[in-house]
Amino acid sequence: MALTHRSTNLLKPLSAAVPFTSSLRRLFSTDDATAITVETSVPFTGHKCDPPPRTIDTTPKELMTFFRDMATMRRMEIAADSLYKAKLIRGFCHLYDGQEAVAVGMEAAITKKDCIITAYRDHCIFLGRGGTLVEAFTELMGRRDGCSRGKGGSMHFYKKESGFYGGHGIVGAQVPLGIGLAFAQKYSKEEHVAFALYGDGAANQGQLFEALNMAALWDLPAILVCENNHYGMGTAEWRAAKSPAYYKRGDYVPGLKVDGMDAFAVKQACKFAKEHALKNGPIILEMDTYRYHGHSMSDPGSTYRTRDEISGVRQERDPLERIRKLILSHDIATEKELKDIEKEIRKEVDEAIAQAKESPMPDPSELFTNVYVKGFGVQSFGADRKEVRAILP
Amino acid sequence: MLGIVRGRIARGGVNASSLQKIRNQSLIYASSRSYSSASKEMTVRDALNSALDEEMSADPKVFVMGEEVGEYQGAYKISKGLLEKYGPERVVDTPITEAGFAGIGVGAAYHGLRPVVEFMTFNFSMQAIDHIINSAAKSNYMSAGQISVPIVFRGPNGAAAGVGAQHSQCYAAWFGACPGLKVLAPYSSEDARGLLKAAIRDPDPVVFLENELLYGESFPISAEVLDSSFCLPIGKAKIEREGKDVTITAFSKMVGYALKAAEILAKEGISAEVINLRSIRPLDRSTINASVRKTNRLITVEEGFPQHGVGAEICACVVEESFEYLDAPVERIAGADVPMPYAANLERMAVPQIEDIVRAAKRACYRSVPMAATA
């Protein structure tokens, strides 16, 4: 499969000695076979388990994929910000920029037969699961071709065929649901796992501990992933949790603390967690991450944190920049090539938005579709029950 | 119809209430002599904020608890400035754990404090509903009067704009069904001030259903209402607009819609009487029945789901008490019988519009439009 470490060393001097032509480099960036060894930013910290090693093998292709995927997610969220301000997106809009490494690292470690469920900061998870930009923007604008046909909105993206179970508005609810997915996986004897994502705010929810207890009792293949961005809406973690060491909060359930801004650390942790969960039941991963935006578009995000803190994280820990640096230092692509990719992505996003704008509003009859799977032909009513009625098939 | 409830305000102590009586007397004189008829305006947000402030100032047992109520100044800024004024012991920021903090609030109320527990929206009250019903509503009864629960659960209720299925439900009917609870739904700034003060002073658990879209709306407000002793009676509806042809009952945001519908109907020669329920439980059955006995026709309006809704109860009580007075079937306008969709056009269909109220009123007055064919 991958070339050995020795071969990588061999290639390195070659790249230094021979001036690169662009054709050589292009070959390199789709290189699936050359092994590059990277080290995570910090070692993992384990709770009731032996943490995995911090050295990970990757390939140029994977690095480029990480870059492209995270840049797409970043661009999508920034575009969503503008669309919200232009009132094309209504209601609530919770953006994920800064946290991309969690979505991308996780996908790299699992398959589409594994399940993911998350809360309302779900746009990038959706993309990671194979959702398209057009589906995302169309849904955000409440149009017919959205991933939930315009009926869900920002907080309710789903993609069941690739194991993405949403998109949930009530803080904490997705955790028992995720453990329920694991229950079904075990019941059906699948060799797959379920990842339930939640934030540091949700980490204090009682229902999480109730469901985790059962997951541990019954050895369910459930992986709880705390995306700790350190603020539950406007409340800092230390003001909400007596113990903000979320990876330890499972007590008898093992846990791992992970640098969530490092896609490779995330990948390694998720790979480790999947192996663990299939053999030994639940495990908690705490991703130390950060959101650049406020809690939602209604929150400036600067009343409870300093601008210095935000720009500091952007400077020191940005997940996209980490990958860019790795790509540049391994001569997989030039700065210009990476900038060109970003330009390309910007164009893709703009085109997706343009396409989304063309999508029509849902047909009025959609008000009454999907209330039930099986409606028995009962009547349902609009606001004026004598004026608007429908039969639920 | 502003009511300063004199002498009935339970202020915990004979001296306080007699002082109150004297204050009120002098205030009546003051208001009749010194204040001009030019009224000030106040937003519902400021009305709620000032009511909280005044009640916290008057009674040290009153404290506020909820998510982002303190340092963040309130998710919707209703508790703005309170942390600074009263400190973190009385303005308590909680983790995002409704079942936990609602229970804690009820327990504090058992032991004599007067909590005002905020739900960021009432959708999240479902996480705490066991405590609202089983721990709060039923306690006074089960303990034969030993354990009273002077708690207020407040927050925005019902649909906002584009917030989707899990953030748009109206809980008036569910809470209104429970004996032991009092359920209030203010509309105007006057309602907000008077009813919140009444709720905080009330010895029983009160569910206080606000509306996010009304927070920024301004209403004229008189000096009486601005006084810190102002209070509205619980269980009394208000006739917002008198009329003689048809009665329209509504609460919260729908009161505004009903008033606009009444304007449109007036142009077509139909005089509508608009009742602002103010209180879902106790329901002011006598005001409603008196009105229907006068007009002989009734439209009930609410934002929530139609089945087992507030309108269904109003209809039943009118049929029970004023059947012979009805000249037309009772009409119900309510939210659509579906989860709230996100898309703007579908959302518009899922919530009552002014034209729905007008149409129903016309039907009740036999000025009907032919019924639409079933979809």
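Throughout this description, residue numbers start from 1 for each chain and increase along the sequence as written. In the order they appear in the text, chains get letters beginning with A and ligands get numbers beginning with 1. Where local features are concerned, this predicted model is filtered to residues with pLDDT of at least 70; where side-chain atom pairs are given and counted, the filter is 80 or more; whole-chain, interface and lining totals use all residues. Excluded from the side-chain calculations are hydrogens and water; all other atoms, namely the structure's heavy atoms, are used.

Cut-off, in case you're wondering: UniProt positions are given in the numbering used here, feature names are shortened, and annotations may be inferred rather than shown by experiment.
As recorded in an unreviewed UniProt entry, chain B goes by the name Pyruvate dehydrogenase E1 component subunit beta, listed as coming from Actinidia chinensis var. chinensis. Per UniProt, the comment on chain B under Cofactor (unreviewed entry) is "thiamine diphosphate". One UniProt comment on chain B, placed under Catalytic activity (unreviewed entry), says "N(6)-[(R)-lipoyl]-L-lysyl-[protein] + pyruvate + H(+) = N(6)-[(R)-S(8)-acetyldihydrolipoyl]-L-lysyl-[protein] + CO2".

Per an unreviewed UniProt entry, chain A goes by Pyruvate dehydrogenase E1 component subunit alpha and derives from Actinidia chinensis var. chinensis. As recorded by UniProt, the Catalytic activity (unreviewed entry) comment attached to chain A reads in full: "N(6)-[(R)-lipoyl]-L-lysyl-[protein] + pyruvate + H(+) = N(6)-[(R)-S(8)-acetyldihydrolipoyl]-L-lysyl-[protein] + CO2". Within the UniProt record for chain A, the comment given under Subunit (unreviewed entry) is "Tetramer of 2 alpha and 2 beta subunits."

## Some words on the packing of aromatic side chains
Where we set the bar: Under the pairing criterion, centres of Phe, Tyr and Trp rings, with the six-membered ring standing for Trp, must be within 6.5 Å; the plane angle then separates stacked pairs below 30 degrees from edge-to-face pairs above 60, leaving the rest tilted. Numbering goes from the N terminus for both helices and strands, where a helix is a DSSP run of H or I of at least four residues and a strand is a run of E of at least two. Burial status follows relative accessibility: with a 1.4 Å probe on protein chains alone, a residue under 20% of its type maximum counts as buried, one over 50% as exposed, and anything between as partly exposed.
For the structure shown, the criterion picks out 16 aromatic pairs over all chains. Ring geometry for A:Phe66 and A:Phe264: centres 5.0 Å apart, planes at 40°, overall tilted. Placement of A:Phe66 in helix α3 (residues 60-85) and of A:Phe264 in helix α10 (residues 263-280) is noted, with a sequence separation of 198 residues between them. Here A:Phe66 and A:Phe264 have matching classes, each one buried. Relative to A:Tyr292, the ring of A:Tyr290 lies with its centre 6.4 Å away and its plane at 55°, an arrangement referred to as tilted. No difference in accessibility class separates A:Tyr290 from A:Tyr292, as the two residues are buried. Of the aromatic side chains, those joined through ring pairs into one cluster are B:Phe101, B:Phe119, B:Phe122, B:Phe153, B:Tyr171, B:Trp174 and B:Phe175.

## Examining the domain arrangement of chain A
What counts, and what does not: Here the limits of each domain have been adopted from an automatic or database domain assignment.
Split into domains, chain A comes out as domain 1 (2-362) and domain 2 (364-393). Each of domain 1 of chain A and domain 2 of chain A has a C-alpha centre, and the two are 38 Å apart.

## Topic: the domain arrangement of chain B
Residue and element names in this part refer to chain B. Note the cut-off: What makes two residues a contact is simply this: any of their non-hydrogen atoms within 4.5 Å. Accessible surface is computed with a 1.4 Å probe, and the buried area is the amount of it that two parts give up when combined, taken over both parts together. Here, a salt bridge means any Lys or Arg side-chain nitrogen found within 4 Å of an Asp or Glu carboxyl oxygen.
The domain architecture assigned to chain B consists of domain 1 (2-226) and domain 2 (238-374). Counting residues at the interface gives 31 residues for domain 1 and 25 residues for domain 2. Summed over both sides, the interface between domain 1 and domain 2 buries roughly 2,000 Å², with carbon and sulfur atoms accounting for 59% of that surface. When the buried surface of domain 1 facing domain 2 is broken down by residue, Gly 162, Ala 185 and Tyr 187 rank first, second and third, together holding 24% of it. Of the charged contacts, one joins Arg 278 and Asp 191 as a salt bridge, the two residues approaching to 2.7 Å between their closest N and O atoms.

## Overview of α10(A)
Residues and elements named next belong to chain A. Using the following cut-off: What a helix is expected to span follows from its residue count: subtract one and scale by 1.5 Å. Polar contacts, as used here, are pairs of N or O atoms within 3.5 Å; protein pairs need one atom able to donate a hydrogen and one able to accept it. Residues neighboring in sequence count only if both atoms are side-chain atoms.
With 18 residues, α10 extends 25 Å from end C-alpha to end C-alpha; this agrees with the ideal 26 Å at 1.5 Å per step. Buried residues dominate α10, accounting for 13 of its 18 residues. The N-terminus of α10 is capped by Asp 262, whose side-chain oxygen sits 3.0 Å from the backbone nitrogen of Phe 264. One or two steps after α10, the chain reaches Gly 281, where phi turns positive at roughly 90°.

## A look at the packing of α3(A) against helix α6 (residues 133-140) of chain A
Residues and elements named next belong to chain A. Quick note on the threshold: Angles shown run from 0 to 180 degrees and are taken between the N-to-C directions of axes, each axis being a line fitted to C-alpha atoms and, for helices, limited to the stretch in contact. Put simply, angles under 35 degrees are roughly parallel, angles over 145 are roughly antiparallel, angles from 65 to 115 are roughly perpendicular, and the rest are oblique. Left-handed is the label given to a crossing in which the near helix is rotated counterclockwise from the far helix by less than a right angle, and right-handed is the label when the rotation is clockwise. Amino acid classes used here: Ala, Val, Leu, Ile, Met, Phe, Trp, Tyr, Cys and Pro are nonpolar; Asp, Glu, Lys and Arg are charged; the rest, including Gly, are polar.
Where α3 contacts α6, the axes come no closer than 12 Å and their chain directions differ by 20°. As the angle between them shows, α3 and α6 are arranged roughly parallel. Of the two possible hands of crossing, α3 and α6 adopt the one that is right-handed. Of the residues in α6, those in contact with Thr 72, Met 76, Ala 79, Ala 80 and Leu 83 of α3 are Leu 133, Ala 136, Phe 137 and Leu 140. In the contact of α3 with α6, the residues fall into eight nonpolar, one polar and no charged.

## Focus: the sheet that holds strand β2 (residues 62-66) of chain B
All names here are of chain B. Heads up, the rule is: One bridge is not enough; two strands pair if DSSP finds at least two bridges between them.
Overall, mixed pairing links the seven strands, which are arranged β3-β2-β4-β5-β7-β6-β12 in an open sheet. Either end of the sheet is taken by a strand with one partner, and the two such strands are β3 (91-93) and β12 (279-281). Across this sheet, the average inter-strand angle for adjacent strands is 20°, counted without regard to direction. Against the sheet, helix α2 (residues 44-58) makes contact with β2, β3, β4 (114-118) and β7 (206-210), and its axis sits at roughly 135° relative to β2, the strand it touches most.

## Focus: the sheet that holds strand β9 (residues 238-241) of chain B
All names here are of chain B. Here we have five strands laid out as an open sheet, ordered β9-β11-β10-β13-β14, and mixed in their pairing. The open sheet has two edge strands with one neighbour each: β9 and β14 (331-333). Adjacent strand axes in the sheet meet at a mean angle of 25°, parallel and antiparallel pairs treated alike. Across three bridges, the pairing between strand β10 (residues 246-250) and strand β13 (residues 298-301) is parallel. In the strand pairing of β13, Ile 248 is matched with Ile 299. Running at roughly 175° to strand β11 (residues 272-276), helix α11 (residues 285-295) makes contact with β9, β10, β11 and β13 of the sheet.

## Some words on the UniProt feature "domain: Dehydrogenase E1 component" (unreviewed entry) in chain A
UniProt records the feature "domain: Dehydrogenase E1 component" (unreviewed entry) at residues 68-364 of chain A, using the numbering of this structure. For the annotated span residues 68-364 of chain A, helix accounts for 46% and strand for 10% of the residues, and the straight-line distance between the end C-alpha atoms is 38 Å.

## What to know about the environment of A:Lys339
All names here are of chain A. Mapped onto the secondary structure, Lys 339 falls in helix α13 (residues 335-358). Since its relative accessible area comes to 47%, Lys 339 is described here as partly exposed. Through-space distance from the C-alpha of Lys 339 to that of His 230 is 31 Å; in sequence the pair is 109 residues apart.

## Looking at helix α10 (residues 253-267) of chain B
Residues and elements named next belong to chain B. Helix length check: α10 (15 residues) gives 23 Å between terminal C-alpha atoms against 21 Å at 1.5 Å per residue, within 8%. Restricting attention to buried positions, one finds in α10 the residues Lys 253, Met 254, Val 255, Gly 256, Tyr 257, Ala 258, Ala 261, Ala 262 and Leu 265. For α10, the secondary structure elements touched by its buried residues are β9, β10, β11, β13 and α14 (354-364). A positive phi of about 80° marks Gly 269, the residue just after α10.

## Here's the deal with a nonpolar patch on the surface
All names here are of chain A. Heads up, the rule is: Only residues whose relative accessible area exceeds 30% and that take part in no salt bridge are eligible for patches, with like-charged residues grouped when within 9 Å of each other and nonpolar side chains (Val, Leu, Ile, Met, Phe, Trp, Tyr) grouped when within 5 Å. Residue burial considers only the protein chains on display, and all accessible areas are found by Shrake-Rupley using a 1.4 Å probe.
On the surface, Phe 183, Tyr 187, Met 214, Leu 217 and Trp 218 cluster together into a nonpolar patch covering about 580 Å² of accessible area. Of all elements in the fold, only α7 (174-187) and α8 (206-217) reach the threshold of two or more residues within the nonpolar patch. Its place among the elements puts Leu 217 in helix α8. A residue is classified by how much of its surface remains accessible, and Leu 217, at 59% relative accessible area, is exposed.

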